[in-house]
Amino acid sequence: MDSGLSQGSGSPKGPGLPLAEPQRAEPEDLSALGAQLLQEATERPNGLRTRPVVRGPLLQSVLFALREGSQLPEHESPPAATLQVLRGEVVLVAGGERWTLHAGDLLPIPPERHHVDALTDAVCLLTIARP
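Just so it is clear, the model here is predicted, and its values are computed rather than measured.

**Considerations on the overall build of the protein**
Piece 1. Broken down by element type, the protein carries 1 helix and 9 strands.
Piece 2. Element order for the protein, N to C, with α for helix and β for strand: α-β-β-β-β-β-β-β-β-β.
Piece 3. The buried share of the protein, reckoned over its 131 residues, is 34%.
Piece 4. In the protein, of all internal contacts separated by at least 6 residues, the share reaching a separation of at least 24 is 60%.
Piece 5. Counting only carbon and sulfur atoms, one obtains 53% of the accessible surface of the protein, whose full area is about 7500 Å².

**Considering the side chain of Asp117**
Piece 1. Locating Asp117 in the fold gives a position in strand S8 (residues 114–118).
Piece 2. An unpaired buried charge is present at Asp117: no salt bridge exists, and Arg98, the closest side chain of opposite charge, is 4.8 Å distant.
Piece 3. Among the polar contacts listed, one links the side chain of Asp117 to the side chain of Gln71, at a separation of 2.6 Å.
Piece 4. Residues contacting Asp117, with those up to four places away along its chain left out, are Ser70, Gln71, Glu89, Val90, Val91 and Val93.

**Focus on the environment of Pro131**
Piece 1. By the element assignment, Pro131 lies in the segment after strand S9 (122–129).
Piece 2. With 72 residues separating them along the chain, Pro131 and Leu59 place their C-alpha atoms 9.2 Å apart.
Piece 3. For Pro131, the residues in contact, after removing those within four places along its chain, are Leu58 and Pro79.

**Examining the side chain of Thr127**
Piece 1. Within the fold, Thr127 resides in strand S9.
Piece 2. Among the polar contacts listed, one links the side chain of Thr127 to the side chain of Ser61, at a separation of 3.3 Å.
Piece 3. If near-sequence neighbours (up to four positions away) are discounted, Thr127 is found in contact with Leu59, Gln60, Ser61, Ala80, Ala81 and Thr82.

**Some words on the sheet that holds strand S5 (residues 89–94)**
Backbone-to-backbone hydrogen bonds pair the strands of a sheet. The strands run either parallel or antiparallel.
Piece 1. Read from one edge to the other, the open sheet built from 4 strands follows the order S3-S8-S5-S6, with strand pairing classed as antiparallel. In the strand order of this sheet, the two ends are held by strand S3 (71–75) and strand S6 (97–102), each with one partner. Between one strand axis and the next, the sheet turns by 15 degrees as a mean value, whatever way the strands run.

**So, the pairing of strand S1 (residues 48–55)**
Piece 1. Pairing analysis gives 7 bridges linking S1 to strand S2 (residues 59–66), with the strands arranged antiparallel. Of the residues in S2, the one forming a bridge with Leu48 is Leu66.
Piece 2. Here S1 hands over to S2 after 3 residues, the two strands then running antiparallel side by side.

Calculation notes
- Residue positions are given per chain, counting from 1 as you read along its sequence in written order.
- It should be noted that, the model being predicted, local features are given only for residues of pLDDT at least 70 and side-chain atom pairs only at 80 or more, the latter also being counted only at that level, while totals for whole chains, interfaces and linings use all residues.
- With hydrogens and water set aside, each side-chain value is computed from the structure's full complement of heavy atoms.
- Per the convention used, a helix needs a DSSP run of H or I reaching at least four residues, while a strand needs a run of E reaching at least two, with both numbered from the N terminus.
- Throughout, exposure labels follow a simple rule: accessible area from a 1.4 Å probe, protein chains only, divided by the maximum for the residue type, with under 20% read as buried, over 50% as exposed, and the rest as partly exposed.
- Here a residue-residue contact requires only that any non-hydrogen atoms of the pair lie within 4.5 Å.
- Areas reported as accessible are Shrake-Rupley estimates using a 1.4 Å probe. Residue values count occlusion only from the protein chains shown.
- Charged residues are defined here as Lys and Arg on the positive side and Asp and Glu on the negative side; His and the ends of the chain fall outside this count.
- A side-chain nitrogen of Lys or Arg and a carboxyl oxygen of Asp or Glu constitute a salt bridge if their distance falls within 4 Å.
- What qualifies as a polar contact is a pair of N or O atoms within 3.5 Å, subject to a donor-acceptor requirement within protein and to the restriction that residues adjacent in sequence count only when both atoms come from side chains.
- At least two DSSP bridges between two strands are required for those strands to pair.
- Helix axes are fitted only over the stretch in contact, all axes being lines through C-alpha atoms; the angle between N-to-C directions runs from 0 to 180 degrees.

The following block contains the structure:
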């Protein structure tokens with residue numbers, strides 16, 4: 001079945017998928033990958049496991065799993081990003097604000113240093129857009 005999207009050069013001005021590299025323009029089973037990463041996170045001392053799922057010049061997505069009680073350490077905010085919780089419950093802390101997010105929630109990440117705390121075992125998708 002033709003999706004109507006051509007796989008061209010991948011450049012922003014040419015045909016194809018400008019946000020991701022053409023070789024990555026295939027479906028990714030985030031449920032299965034998330035379960036695998038969560039298993040690996042439970043075996044790591046820091047309780048964190050990450051895996052890039054989309055890499056491109058304008059868009060990047062990273063799937064990460066956190067064991068309950070672990071943290072994605074504080075870091076600078078990218079130019080534009082969202083955090084989507086696929087499984088579990090997390091808290092995003094940025095500046096003086098806190099957002100509790102549950103499976104199915106999506107939040108734009110504020111443009112300041114932030115970290116993520118896992119209230120339960122969790123799997124999240126971080127999507128970063130670059131200018």
